[in-house]
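# Coordinates in review
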Amino acid sequence: MGSLPRYQEFAPRADLAAHVRCIWLFEGGQEAEDQRIAPDGCAELIVHVGQPYLERAPDGGAHRQAPVVFAGQLTSPLHLRADGPAGVIGVRFHPAGAYGYLGEAAGRYTDRRTPLDIGLDLAGLDEAARLAAVQDHVFARIAANPAPRDLAVEAAVDRLRTGQPVEASRDLQRRFARIVGVPPRMLAAILRFRGVFDALSEPGVASWTEAAHAAGYFDHPQLARDFRRFVGCTPTQFLKQQAGLASSLARG
């Protein structure tokens, strides 16, 4: 039997904290089945330092991801599978944070994994040096694309993250979708769904139903509908899948 997958998160450097939620590492082995990656409300920069994942297409075929991809917001499950030793460095942006890195509308990247040629050579570097190099790249790109932050959009995101409603004008909704990559209503649904996994890690929460109520769902059937929408399976099926990237990200 192979070793268990390793997942670890790190706080970003202070000069990235306004844009980046965390830096994460994942190491794992070959997988016998697809990993179902659920939306979490954040776009990410993905740097493969192992064998890049196979990404499942809607028609059932698969293609190998590029060594570096920008993964935009997800609104439906993404199916990935490792067919060799996997190693990933991820930069998870705040919901409104990737806009400064992209320098253009984040909505263009929604539900897409866009290959990037950023000239980042991590070969021969140890883990600390790799983390530093990736963060240096993100900082340099943000500095080169000084898109102004939209404090009203960021405030709307903060309200949604705390479960508060957002009454957005048409102009704010347009700016929100451009900067975040999805409309406010979609982000609210994704954050509520993500809140279920957060609730499961809290003491005293012993079932999916309790976690669903804690996250703001009315009942278990409502949660089951969102599981089909965002994961493509039932909660029980999700728990039964092979430990790997999907379960690590869900706990992260």
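Below is a short write-up of the structure. Source: prediction; values computed, not measured. (Residues numbered from 1 in each chain as written. Predicted model: local features only at pLDDT ≥ 70, side-chain atom pairs only at ≥ 80, totals over all residues. Heavy atoms only, no water.)

Here we take up the sheet that holds strand S8 (residues 78–81). One open sheet accounts for four strands, arranged S3-S8-S5-S6; its pairing is antiparallel. Only two strands of the sheet have a single neighbouring strand rather than two, namely strand S3 (35–37) and strand S6 (62–64). In this sheet, neighbouring strand axes are inclined to one another by 35° on average, regardless of whether the strands run parallel or antiparallel. As paired strands, strand S5 (residues 54–56) and S6 are joined by three bridges and run antiparallel to one another. Across the sheet, residue glutamate 55 finds its bridge partner in S6, namely histidine 63. (Pairing = 2+ DSSP bridges. Helix = DSSP H or I, 4+ residues; strand = E, 2+ residues; numbered from the N terminus. Axes fitted to C-alpha atoms, helices over the stretch in contact; angles between N-to-C directions.)

Attention now moves to the pattern of salt bridges. The final tally for this structure, using the stated rule, is 19 salt bridges. Among the ionic pairs, arginine 92 bridges to aspartate 40, the shortest N-O distance being 3.7 Å. With arginine 92 in strand S9 (residues 86–93) and aspartate 40 in the loop between S3 and strand S4 (44–48), this residue pair connects regions lying 52 residues apart in the sequence. Under the relative-accessibility criterion, arginine 92 is labelled buried at 5%. We note a salt bridge from aspartate 171 to arginine 174, for which the minimum N-O separation is 2.4 Å. Of this pair, aspartate 171 and arginine 174 both sit in helix H4 (residues 170–180), three residues apart, which is roughly one turn of the helix. (Salt bridge = Lys/Arg side-chain N within 4 Å of Asp/Glu carboxyl O. Buried < 20%, exposed > 50% of the residue type's maximum accessible area, 1.4 Å probe, protein only.)

A few words now on helix H6 (residues 208–215). Within the span of H6, buried status applies to Trp208, Ala211 and Ala212. Buried residues in H6, looked at end-on, bunch into an arc of 100°, giving them a common side. Looking at the buried positions of H6, the neighbouring elements they touch are helix H5 (184–200), helix H7 (220–230) and helix H8 (235–240). At the C-terminal side of H6, glycine 216 shows a positive phi close to 105°. (Arc of directions from axis to C-beta. Contact = heavy atoms within 4.5 Å.)

Moving on, we come to unusual backbone geometry. Unusually for a residue other than glycine, aspartate 111 sits at a positive phi of about 60°. As for its position among the elements, aspartate 111 is in the loop between helix H1 (98–102) and strand S10 (113–115).

The subject of this paragraph is the packing of H6 against H7. Running from N to C, H6 and H7 cross one another at 85°; their axes reach a closest spacing of 9 Å. One finds that H6 runs roughly perpendicular with respect to H7. In this structure, H6 uses Trp208, Thr209 and Ala212 to contact H7, whose residues at the interface are His220, Leu223 and Phe227. (Parallel < 35°, antiparallel > 145°, perpendicular 65-115°, else oblique.)

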